[in-house]
Amino acid sequence: MSSTLSLTFAPNGSASVTASFSESTPTSLLHAQIPAGTGGQGGVEESRGSVLAGCEDGSIYVLHSGTSSNIGGKPEPTPLVITPPEVSPLSPLLSPTTRRHPPHNTRPSSSSPRSLSPASTKSPAAASYSPFFHVAKPRAVSGVSGEQAEAPKNYVDFEEEQEKMKGMLRRKGVKDKTVMDSLMPGVEKKAFAPSSSSNSASDSKCADSNLAGAAAGRTANNPSSSASSSSASSASASSSEKVVKATTPVMSPTSSTYSLSRPASTTNVPSIDLPRNLDATAAWGLTCHTIPPERARLSPVVCLKRVARHPLALCLHEIGEVGVYSLVDGSCQVSAPAATAATTTAAEGTTRKSALAAGAKAKSKLPLIWHWKSLHVVALVETFLVVVCATSEATVQSPEMENDHSEDTRYVAFELDIERAGDPDGISLTKIGDWALEGPVQGVALHGNSDGQIHLLHVDDSRHLIKQRVSLSEKVAGTESPLPAAGSTANLPLPNPFKVLKGLRSTENLIEEQRDDASSRISLVETLDLGLLPLTGSLAGIRFDSVHYLASGLAWSDQELLLFDVSGFSAQVLGIVPLVGVVDVLRHGHNLVTVKFEDRMELRKLSAAGSTDSQTNESTSSHHVIRSSLIQSQPLLDVDVAMISAPSEFITTRKKNSRRRLESFMLGSPENQSQRVLWKAGRVDVQAADKKLDSRVSALLPVKLNYLVLGYADGFVEQTSLTSLVQRKPRGSSGRMSEVPLPGVVTTIDIVRVERTNERRLIVGADDGSIAIFPFDSMQLLARWTVFLEPLREVIHVSSGRLRGCVLCVSQDGCIAVIALDGCEYLYLVPASVAPLEKICVGGDNLLLAYADKRTRLWDVKTREFWRSMTTDKADEMIKQGGWTEWQVHSRVLGSSLRTRGGISSLSGVPHLPDAGSTVILDIDELLLSLSVGPLNSVPAVSQPGPKDDHEAKRVYLRSLLSALLTDGLNKDIDQTCREKLQISTALFGICRSAATTIYAAEGPREPWSIGPDVSALHSMSIVALLHALGPYEDKPDTLHTISTIYSASIGQIVGSSYHSPSLTLLARIWLHAKATDLSVASRQLFDAGIARLSDDQVNSLVESWHVPSSQSEAKRDSTTSALALFICGSVAVDKYTLLSSTALTDIAKSISLYLHDEHSPHRSLAIDLCSRGFPVWQQHVDAVEILRSLFALATSGKKDPGSNVGQQARSAVLLIASGNSPLFMTTVSMDILQPKSVQHRKSVMQLVIFLIHKRPLVLYSNLPRLVEAVVKSLDPNSNANRDAVLDSATEILGHLVETYPTVDFHGPSQRLAIGTSEGAVVMYDLKTATRLYVLEGHTKRTTACAFSPDGRRLVTLSLEEHTVLIWKVGSSFTSFFMPGAPPRQGHGGSDPYKTYDFNIGDEGDMTLAATLDLVKFDWPSERSVRIRIRGATLTFST
């Protein structure tokens, strides 16, 4: 929900977030720069840095930097000597004869791991592309090189550039400087090609010989680590090649990680002029703590990646949860699980068994759990492709698999669609593929070329590098893959591209695989085996960087680092550097690399190592050798995690004196400039957290709106109210407190009911594995056990079967304690499994437990024995037979699911963090609805009486919530007003989105409004909505209106330049989905204030950035995004239509008309709202009469949809339109009464007229003659069917007209109707014939009132403007038969009235039209005497 926020009532405020960060253990870091202007309208215009720290418990902490101008920092490092060459455009290394789709190569059967080329193929074309280039006996020499680096080329040769472009267009090799050219100028680069079938044996033997020599050279014994051995050269077992002489010893593959000598002193280390990505001189601060969705809590963060072009980051948890997080405010935009029951079964079923090799089929049948390890993201044309990878672990050992050491990697692909920048609800993460392949998870890379092609490169179990192009098909809803008919060639069984390397299978299997993969949108095509990776040891990682069409690759094992290039269908090895214990590598330009080890970071320079050995044979000397020189090394002392953030720059986080700190290091800088502390927890924060550790709230259970159960870190449990929590009353002073504490930190609280006695009981769990039961009414301990090794996670109340009346207490590791509630008796314990518990089923005497490895255990609860184990498929078949009750268990999560009580819920799963346990989640929309429909129930107070009535209780409740949301310290006058009227409490504000909660560590009064547009929008909207809700409960709402105006229109001026204006998009979404009126009004108020702040250029840019429904395809018109566009553009047009073009206004008006006329549109209320506010604008661009008719139909429709107020909205819109455009309204009404589309439509319009007479009588006043004319003509006796259909409605209208307006009167016996006009005339109608009889013209000014005499023979008319009363004869006479349509003779010649009376009543006669409806009355004492009351005056006349 967009209107969901969180309030954290930690005893030490923002210090609790700092303490939580200090107590957490980071596992992953990400640094990214937030572009300028990301804050939206009114936001900060300068760019700032952002660091995300993912932790072992699944939490994510976000730190931000200020600008360097805000703080006087140390100067940047001054460049001294070494300058790396610029990156030259690298050309593809394709030979002219290379085919576009080369045939697949079979792998060699050689046992040597050093074969550098695939086995020969039968096709001669296979030799046209080159596999890895062979490097013989490369060695690395550490030490600082004394050579001057070559200056980069700083000009462009235009004659050469033209030829380069032609070569690129032809996709051929271009003579350009590559990485190898920079390292070894003047040396020709060579690559091994696959040998032909005629000489494959001899070539294979030669390759094996060279491979053995290379391997021996890398595995020679290390020289001694003493100083005397530093000048000794190492020799290989077979042949040796001397490298350039250095001052430090050569490192062999078997040496320790410390064998590469480091500089004795770093004071003389030359500075390297590399771009710095981290602003270490700015002031950094901890912004927020984000707690992930419940299924990902306590699951370590294994990977964080930046999303290009957007201030977003991708996060992968070990459990498989993928989330997208904002770099601006740290909130979770969207999340999705990589593994679900359905997809996991598919991956391990037909698809996976076919994907794995024949030798791994036995392994595929075993129960497996997946550990998610890596995340890869690459940009597509409009979206992003996200691939997460996992490695499998068998939970059951099998004899057949004892000798099988193959590794399997599971791939799950998502499409990340960012529909609009800055719109969190417009981001989607859709699963589009799920497959498994052989090979280690460390050997996977996703590579995007500059030409838009995406390639998946992965290393298989044979150490071959496989390249496949990724093809993403368009999403087609409801498509299926039909089976081919017998003998048909229309649907041939094409092989699955994921399984192209796995051998042939039968046609039946292929068809079955196509059926299983029908929903997948991922295809892997153009599979290419690039050859064998010449690495020794276990593969640890692989990385690719793009330059034009060439991929520059790095691969490393636990012993070596390999450099290579991939271009088209070939790959060339550049060199192998023996480096032991490499964890990560980042390459900078051509000749610099930053290498991460477990205990240090190193900056190294790569250069050519020439041959100095005279005995080197010709074959060996023709290959390239790379030397690695150590420039600087930085030890990693007691760090939790380190990340290479930029060239020669890395950041770390560690704890020092129990305080978390974030540090930046710059390799290649002088010692006094290499290390900086970006941020560290304050000593006061940590000490305050330690002192209040025992008294902090660690668990919370909402019972009702104002009724909570709190668990504390010292084991006590208390029943209290939310009001008391907000007001920070001492614990035990406002509710019931347990007398006996639990022996650990309270982690879980649940409430259950005993069926026999209907008594409620609390079940409480602590972090030491103990469980306690308390009666809800007295809080006296009934029972306590310590049964688990892990904390209690969930409580399930069983109400059927043999376990009826029992609760199943589930621990974090999946153990289940069965406890009888009635007698508080502990029955037995069901042991856990290796895999996490996912589902519990109870049926009769059976207990069925389903685990994440797709195995299910069946227990007999009667005999308490284990029956058997089965697959999930068989268990599902058993459950489908009926008689089972199921409960889903959220694996690896503490605490029960989110419990919502009228919009109040708790945050479970992280009781060990100081800021999480005391967090209350508020859904403002649901909360305001609950307050409007029901009473507020609070826990009975102990020390003082509670509110006397519900009215007072709600007033105190709303005041308490407001006091927690208001910001203290912004302005003295505002603070004084808030303190006097509402009081101000202290709470940490947060937002909840996509089931994740973000808590902000705002320390000052301006920080909460300087985080991001979404935070400002939700914060201010909650305040304004609660102020609107509080209004009816306050005697003097003027103060509330003042505060509301400040937070909606003036807060930006008070905060200053750091203020982030509320997100218009978020406010619009809240308005669209709001159910509570107060929330809708608040979001509209803030939205209108935001529109008013926009400049003219910003208005046009805003409208141009949205596409209204009329410009969308029919499939997208009813989408939420289209409705959002119409709301934003329509609201802007209402207030600032003069700034918009006629085309834009026409598109908006057409969109309103589309929604209004579509009976099935879910956004009709939006169209009605825009009609009521901007009808004068839209009527110039669409058919206004048709819009009015649609509103008439909706206003009188008898359909009542639950939760919809379309009819009421339409009636309100009609009132507004009728008030603002009466001529058009009356014209439409008259036309629809006289010439309706149907009789039912005419009745509907008449009902609407009755509604207007009651609600807005003055709207119809000036048009009464036209209305009466239309109603009378609808009673035409020549059309009996229509007359009978509308007779009741017409009679009802005339009755209301006579009752409401003094200018209209009706005489029943004669069926005559008289109506006065604004010109002074009086029109007489005969309802029997539905005709106009005649017009009486006596007044020269407006007729104020008229009345028939009781016998119907006299008509009295009054004009207050003339101060005249006229008496008319209107009865039937003899002359009426001869002169039909003429008025009766008045007893004298001409058309003058029968009698005329002038009067003067002074000021009593001066009144408005509205006053005449109530203050002018006629009374007939007799048939010839009339008494007229005008306000306080009474006039009597003889008729």
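Residues numbered from 1 in each chain as written. Predicted model: local features only at pLDDT ≥ 70, side-chain atom pairs only at ≥ 80, totals over all residues. Heavy atoms only, no water.

Colleague: Could you give me a rundown of the pattern of salt bridges, with the residues and numbers involved?
Modeller: Tallying each qualifying case throughout the model produces 38 salt bridges. Its salt-bridge partner being glutamate 1186, residue arginine 1189 comes within 3.2 Å of it at the nearest N-O pair. Of this pair, arginine 1189 and glutamate 1186 both sit in helix H25 (residues 1184–1195), three residues apart, roughly one helical turn. Looking at glutamate 1186, the relative accessible area reads 25%, which means it is partly exposed. For aspartate 1419, the salt bridge goes to arginine 1429, with nearest N and O atoms at 3.8 Å. (Salt bridge = Lys/Arg side-chain N within 4 Å of Asp/Glu carboxyl O. Helix = DSSP H or I, 4+ residues; strand = E, 2+ residues; numbered from the N terminus. Buried < 20%, exposed > 50% of the residue type's maximum accessible area, 1.4 Å probe, protein only.)

Colleague: Let's hear about the environment of isoleucine 542: which residues, and what values?
Modeller: Looking at where isoleucine 542 falls in the secondary structure, it is placed in strand S18 (residues 539–547). On the accessibility criterion, isoleucine 542 (10% relative accessible area) is buried. Expressed as a C-alpha distance, the spacing of isoleucine 542 and leucine 457, which sit 85 residues apart in the sequence, is 9.3 Å. Ignoring anything within four residues of it in the chain, the contact list for isoleucine 542 reads Gln442, Gly443, Val444, Ala445, Val459, Leu465, Leu554, Ala555, Trp556 and Phe564. (Contact = heavy atoms within 4.5 Å.)

Colleague: Kindly report on the sheet that holds strand S60 (residues 1425–1430), identifying the contributing residues and their values.
Modeller: Spatial strand order, S59-S60-S61: three strands in an open sheet with antiparallel pairing. Sheet topology places strand S59 (1416–1422) and strand S61 (1433–1438) at the edges, where each strand pairs with a single neighbour. The sheet shows a mean angle of 20 degrees between the axes of neighbouring strands, taken without regard to direction. Note that S59 and S60 share five bridges and pair antiparallel. Note that in S60 the partner of phenylalanine 1418 across the bridge is isoleucine 1428. (Pairing = 2+ DSSP bridges. Axes fitted to C-alpha atoms, helices over the stretch in contact; angles between N-to-C directions.)

Colleague: Any chance you could break down the packing of H25 against helix H26 (residues 1206–1220) for me, citing the residues and the numbers?
Modeller: Running from amino to carboxyl end, H25 crosses H26 at an angle of 135 degrees, the nearest separation of the two axes being 7 Å. Comparing their axes, H26 and H25 come out oblique. The two elements H25 and H26 cross, and the hand of that crossing is left-handed. When H25 is examined against H26, the residues Leu1188, Leu1191, Phe1192, Leu1194 and Ala1195 are found in contact with a partner set consisting of Val1206, Gly1207, Ala1210, Arg1211, Ala1213, Val1214 and Ile1217. In terms of residue class, the contact of H25 with H26 is made up of ten nonpolar, one polar and one charged. (Parallel < 35°, antiparallel > 145°, perpendicular 65-115°, else oblique. Left-handed = near helix turned anticlockwise from the far one by under 90°. Nonpolar A, V, L, I, M, F, W, Y, C, P; charged D, E, K, R; others polar.)

Colleague: Lay out the sheet that holds strand S31 (residues 707–712) in plain terms, naming residues and giving numbers.
Modeller: Taken in spatial order, the four strands line up as S30-S31-S32-S33 in an open sheet, and their pairing is antiparallel. The open sheet has two edge strands with one neighbour each: strand S30 (697–704) and strand S33 (736–737).

Colleague: Mind laying out a negative patch on the surface, listing which residues take part and the relevant values?
Modeller: On the surface, Glu382, Asp417, Glu419 and Glu474 cluster together into a patch of negative charge. Tracing the chain through its elements places aspartate 417 in strand S12 (residues 408–418). (Patch = residues over 30% accessible without salt bridge, like charges linked within 9 Å, V, L, I, M, F, W, Y side chains within 5 Å. Areas by Shrake-Rupley, 256 points an atom, 1.4 Å probe, with all protein chains shown as cover. Lys, Arg positive; Asp, Glu negative; His and termini not counted. Charge placed at Lys NZ, Arg CZ, Asp CG, Glu CD.)

Colleague: Run through unusual backbone geometry, naming residues and quoting values.
Modeller: Both trends apply: most residues other than glycine have a negative phi, and most peptide bonds are in trans. A positive phi angle, close to 70 degrees, is found at arginine 463, a residue other than glycine. Structurally, the position occupied by arginine 463 is in the loop between strand S15 (454–459) and strand S16 (464–472). Of note, histidine 1363 is a non-glycine position whose phi angle comes to about 55 degrees, a positive value. When you line up the elements, histidine 1363 lands in the loop between strand S56 (1354–1359) and strand S57 (1364–1369). Judged by its relative accessible area of 28%, histidine 1363 is partly exposed.

Colleague: Give a detailed account of the side chain of serine 326, specifying residues and quantitative values.
Modeller: Position of serine 326 among the secondary structure elements: in strand S8 (residues 321–326). On the accessibility criterion, serine 326 (7% relative accessible area) is buried. A polar contact of 3.0 Å, which involves the side chain of serine 326, links it to the backbone nitrogen of valine 328. When neighbours within four sequence positions are excluded, serine 326 is seen to be in contact with Pro311, Leu312, Ser331 and Gln333. (Polar contact = N/O pair within 3.5 Å; in protein donor to acceptor, adjacent residues only side chain to side chain.)

Colleague: Pulling in residues and values, what's your account of the environment of lysine 704?
Modeller: Counting through the fold element by element, lysine 704 comes out in strand S30. Taking the C-alpha atoms as reference points, lysine 704 and leucine 936, 232 residues apart in sequence, are found 8.3 Å from one another.

Colleague: Describe the packing of helix H27 (residues 1222–1234) against helix H28 (residues 1239–1255), listing the residues and the values that go with them.
Modeller: At their nearest, the axes of H27 and H28 sit 8 Å apart, and the two run at 140 degrees to each other. Overall, the two elements H27 and H28 adopt an arrangement that is oblique. At the point where H27 passes H28, the crossing takes the left-handed sense. Together, Phe1225, Val1229, Asp1232, Ile1233 and Leu1234 of H27 and His1241, Arg1242, Val1245, Met1246, Val1249 and Leu1252 of H28 make up the contact between the two elements.

Colleague: Now, about the pairing of strand S51 (residues 1304–1307): what can you tell me, with residues and values included?
Modeller: For S51 and strand S52 (residues 1312–1316), the ladder comprises four bridges, and the chain directions are antiparallel. Bridging across to S52, phenylalanine 1306 finds its partner in leucine 1313.

Colleague: Outline the packing of aromatic side chains, listing residues and values.
Modeller: Going through the model one piece at a time under the given rule, you end up with 14 aromatic pairs. Seen in terms of ring centroids, tryptophan 1071 and phenylalanine 1127 are 4.7 Å apart; in terms of plane orientation they differ by 25 degrees. Their pairing is stacked. Here tryptophan 1071, found in helix H19 (residues 1064–1073), pairs with phenylalanine 1127, found in helix H22 (residues 1120–1136); they are 56 residues apart in sequence, far enough to count as distant. An angle of 40 degrees between the planes, with centres 4.9 Å apart, marks the rings of tyrosine 1397 and phenylalanine 1437 as tilted. On the criterion of sequence distance, the pair formed by tyrosine 1397 in strand S58 (residues 1395–1398) and phenylalanine 1437 in strand S61 is long-range, its members being 40 residues apart. Phenylalanine 1437 sits in the buried class, given a relative accessible area of 9%. The rings of Phe21, Tyr61 and Trp679 are connected pair by pair, giving a single aromatic cluster. Positioned above the aromatic ring of phenylalanine 21, the side-chain terminus of arginine 660 is 5.7 Å from the ring centre. (Phe/Tyr/Trp six-rings, centres within 6.5 Å; stacked < 30°, edge-to-face > 60°. Lys NZ or Arg CZ within 6 Å of the ring centre and 35° of its normal.)

Colleague: Which residues make up the nonpolar core, and what values do they have?
Modeller: The tendency in soluble globular proteins is for nonpolar side chains to be buried as a group. By size, the foremost hydrophobic cluster in this structure holds 197 residues, and its most contacted members are Leu722, Trp1178, Leu1260, Leu1267 and Leu1297. Among the elements that take part in this core, helix H17 (residues 1013–1030) stands out by supplying eleven residues, more than any other. Among residues more than four places away in sequence, those in contact with leucine 722 are Phe9, Leu705, Asn706, Leu708, Ile904, Val920, Tyr957 and Leu961. (Core = buried A, V, L, I, M, F, W, Y, C linked by side-chain atoms within 4.5 Å.)

Colleague: Account for helix H18 (residues 1038–1055), naming residues and giving values.
Modeller: If you check H18, its first and last C-alpha atoms are 24 Å apart, about what 18 residues at 1.5 Å a residue would give, namely 26 Å. Along H18, the sharpest change in direction is near 65 degrees and occurs at alanine 1049. Along H18, the residues classified as buried are Leu1040, Ile1043, Ser1044, Ile1046, Tyr1047, Ser1048, Ile1051, Gly1052, Ile1054 and Val1055. Of the surrounding elements, those touching the buried residues of H18 are helix H16 (972–981), H17 and helix H20 (1077–1093). Phi for glycine 1056, located one or two positions after H18, is positive at around 110 degrees. (Expected span 1.5 Å × (residues − 1). Bend = angle between axes of the 7 residues up to and from the residue.)

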